[in-house]
Amino acid sequence: MRRRSFLTFSDVVVSNLKRRPFRSFCLISLVAVLAFVLFGGSLITCSLINGTDGLAKRLGADILIVPKGYDKMVEGILLRGEPSTFYMSADWIGKISQIEGVRSVSPHLFVASLSAECCSVPIQLIGFDQKTDFIVTPWLRTSLPGELGDDEIVIGGSVSGKVGSELMFFDRGYRIAAKMENTGTGFDSSVFMTMKAARRAAGDYVSMGGTFSPPEESISSVVVLIEEGFTAVGMTRKINSTFGYGKSGIVVVPTRTIIGSVSGGLRAMTAFTVILVVILWVLSVLVLTIVFSVTLNERKQEFGILRSLGITRKKLIALVFLESGAISFTGAAAGVFLSALLVFPFRTYIQETIGMPYMQPSFEKMLAIAAASLILSFATGPLASLFSSSKMGNSDAYVVIRDGGL
Amino acid sequence: MILEAREIKKQYHRDNILFSAVNDVSLSIGEGEFVCIVGRSGSGKSTLLNILAGLLTPTSGSVSFEGREYGGMNDGELSRLRNTRLGYIMQGHNVLSNFTVLQNVLLPHIFFKRDDDPTDRALSLLEQVGLRPLASQYPSSLSGGELHRVSIARALLMSPGLLIADEPTGDLDEETVSEIMGLFAGIVSKGTAVLMVTHNSDAASYADRMYTMQSGRLSEM
Ligand SMILES: Nc1ncnc2c1ncn2[C@@H]1O[C@H](COP(=O)(O)OP(=O)(O)O)[C@@H](O)[C@H]1O
Ligand SMILES: [Mg+2]
């Protein structure tokens, strides 16, 4: 092994950065902020786009029918899993399925669990009919062995609990029979049980002092799939006219309207992120350019000395680029790292705060986003020293010291 | 001849009028010679040395080092020449403050790909200029004379054939000046040619030849 010499070219780079620790720290921080926003913003935006994309497909229904006045709440349940409780007559299942163009109908019964001691988690309990269901079954991670018992539940992808273990709702234990995949909808934080079990849970709730109980033979909503050749909007109009719009006591909601309200917010957010990132990027390049060209003047003498000792013009320019590159790379890496440190553990919190369907992209895609953020932030450094290096390159007089009283 | 300059002229604009900072200078230095230039401030000495070191291109005239014309060399070749064959000590303090004394002396070694370790040579050069105990100090703790000696050791690291020094005795006390002059005399005695700009009156007693510079013109004394 060769003995490591006392000095290498990279030592010169590092030493120059250490010489002005405050300056280096500020510039690194600036690039770090850029990388932080770039990676964090892109990842969150991507997760939201991912969550909204094909949301209709993942919701699994074309049309939802709920009691009049509750259409806003449905959005909360479907998108965010916000617990709520409302009821209508079970007769509607039959009435809707009669209509031409309706392929399948399945009822849901909502019961909100409490954050009190009786329940493991405050969550939306959803009674579903396993025979007609087309919402839960396609998302099961492990198939159900057979019919779901009344003391068994299926939990959403982000509800914590292992298959085989128990959760408590209103002092009653339920065995987890299956777990669903993440769908990026409110179903992820919902618990599904048989209609009978849900009705019993509502009764448990009342016997514990709850005030609101579903009438016998009631349901909360009907999810509808339509036949090919019919549109959701057309079917909505048809159902409304069949039962008398406004008088029927129900609201018909095409799932796409819910998604529409989501993607409007998403567009605004994406635009905001893009603008913020562009401003930060331009600002970084600008600030770095100014700082580098100011220090270039200070460094005339230093460069003159290096030239007198035989450094080539190319290597001198390489030195300038390496220094700026080291600054922007350190900043970029730190920013992406810190961003990842925040965005990953707090994703549930972010999701709740934004209140939109949120689904992290695949690992490969996240890696690509990280790489792109790293490269874009890193590029600010070399780009900013383009200006000063071009000033340096064309004249030698520039690096030769004039004798002022040194 | 190690260095040969023919009819060098360097013109600058001053208040829109062309003037010659260096005017028609010819100079030859043989191997192992000790040549000194004296002259008032502003007479063009530093400009001439920058041209002789290949850092500045003359308006007209030619310079050749060990038989090779500067005009025919590219930046890489000229830089390598300055790095290995021609030690140039610029005017003023030219020690980099963010490196130790030893690191400063090692600097010329890193500008081209090299496989040897120059540390021992650097340390023995520091010994030679009497700075061995200060090797790991930073320049801020050194006196003016010590800083000059660091640049001398550094210029010698790659064993050049010619050492060009621009006022290496400037702003120093008399005792330190004669120390430094003695140092250069020692370098010459080991076979390295020296071209030096100085205001020191003792220079004449060391130099093989003396020149004086006046308004860009060089004449032998
Ligand atoms: N790059 C330059 N542009 C214009 N004038 C210059 C430049 N460099 C030197 N000069 C002028 O040339 C003259 C000689 O300068 P210099 O060689 O530094 O003198 P000395 O080293 O003898 O003091 C001075 O008048 C100086 O102002
Ligand atoms: Mg001078």
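Being a predicted model, the structure only gives us computed values, none of them experimental.

Thresholds applied
- Residue positions within a chain follow its written sequence, with the count starting from 1.
- Chains and ligands are labelled sequentially in the order written, the chains with letters from A and the ligands with numbers from 1.
- Reporting in this predicted model follows two pLDDT cut-offs: at least 70 for local features of residues, and 80 or more for side-chain atom pairs to be given and counted; totals over whole chains, interfaces and linings ignore these cut-offs and use all residues.
- Remark: hydrogens and water are excluded; side-chain values derive from all non-hydrogen atoms of the structure.
- Across the chain, each position has a pLDDT score giving the predictor's confidence in that residue, from 0 to 100.
- Elements are defined by DSSP. Helices are runs of H or I of four residues or more, strands are runs of E of two residues or more, and each kind is numbered from the N terminus.
- The criterion used for residue contact is that any of the two residues' heavy atoms lie within 4.5 Å.
- By convention, the term buried area covers the 1.4 Å-probe accessible surface removed from two parts as they join, with the contributions of both added.
- A pair is scored as a salt bridge if a Lys or Arg side-chain nitrogen falls within 4 Å of a carboxyl oxygen belonging to Asp or Glu.
- Nitrogen and oxygen atoms within 3.5 Å of one another constitute a polar contact, given that in protein one can donate a hydrogen and the other can accept it, and given that sequence-neighbouring residues count only through two side-chain atoms.
- Amino acid classes used here: Ala, Val, Leu, Ile, Met, Phe, Trp, Tyr, Cys and Pro are nonpolar; Asp, Glu, Lys and Arg are charged; the rest, including Gly, are polar.
- A pair of strands is labelled paired if DSSP reports no fewer than 2 bridges between them.
- Orientation is described by axes fitted as lines to C-alpha atoms, over the contacting stretch for helices, and by angles from 0 to 180 degrees between their N-to-C directions.
- Throughout this description, buried means an accessible area under 20% of the type-specific maximum (1.4 Å probe, protein chains only), exposed means over 50%, and partly exposed covers the range between.

Novice: Tell me about the confidence of the model for chain A, and name the residues and values.
Specialist: Residues and elements named next belong to chain A. Summing up the model confidence of chain A, the mean pLDDT is 84 and the portion of residues at 70 or higher is 92%. At the level of individual helices and strands, chain A shows its lowest average pLDDT in helix α3 (residues 55-59), which scores 72, and its highest in helix α10 (residues 313-343), which scores 93. Here residues 1-5 is a poorly scored stretch, pLDDT under 50, and it has nine contacts once near neighbours within four places are set aside; other chains count.

Novice: Describe the interface of chain B and chain A, naming the residues involved and giving the relevant values.
Specialist: Buried accessible area, meaning the area lost when the parts come together, often serves as the stated size of an interface. Every contact between the two is made by 36 residues of chain B and, on the other side, 33 residues of chain A. Note on chain B versus chain A: buried area summed over both sides is about 2,900 Å², and carbon and sulfur give 61% of it. By the criterion of area lost to chain A, the three top residues of chain B are Leu55(B), Ile110(B) and Phe111(B), representing 20% of everything that side buries. The closest approach of N and O atoms between Asp75(B) and Arg307(A), which form a salt bridge, is 2.8 Å. At the boundary of chain B and chain A, one finds nine residue pairs in polar contact (both at pLDDT 80 or more). Secondary-structure elements contributing two or more residues to the side of chain B that touches chain A are α1 (45-52), α2 (75-84), α3 (101-106) and α4 (119-128) of chain B. The element best represented in the side of chain B that touches chain A is α2(B), accounting for five residues. When its residues are assigned to classes, the side of chain B that touches chain A shows 15 nonpolar, 13 polar and eight charged.

Novice: Quick rundown of the sheet that holds strand β3 (residues 102-112) of chain A? Include the residues and the values.
Specialist: All names here are of chain A. Spatially, nine strands are ordered β6-β7-β5-β8-β4-β3-β10-β1-β11 in an open sheet, and the strand pairing comes out mixed. The open sheet is flanked by β6 (166-169) and β11 (250-254), the only strands paired with a single partner. Ignoring strand direction, the axes of neighbouring strands in this sheet form an average angle of 35°. Seen against the sheet, helix α4 (residues 71-80) touches β1 (63-67), β3, β4 (124-128) and β11 and runs at an angle of roughly 125° to β1.

Novice: I'd like a rundown of the side chain of Thr273(A), residues and numbers included.
Specialist: Residues and elements named next belong to chain A. Its place among the elements puts Thr273 in helix α8 (residues 255-298). Of the polar contacts made by the side chain of Thr273, one reaches the backbone oxygen of Met269; its length is 2.8 Å. Among all residues touching Thr273, those that are not within four sequence positions of it are Gly41 and Thr45.

Novice: Before we move on, can you summarise the environment of Lys391(A) with the specific residues and values?
Specialist: All names here are of chain A. Here Lys391 shows up in helix α12 (residues 363-393). Here Lys391 falls in the partly exposed class, since its relative accessible area comes to 32%. As a C-alpha pair, Lys391 and Met235 span 156 residues in sequence and 70 Å in three-dimensional space. In this structure Lys391 touches Ser293 and Leu296, once residues within four positions along its chain are discounted.

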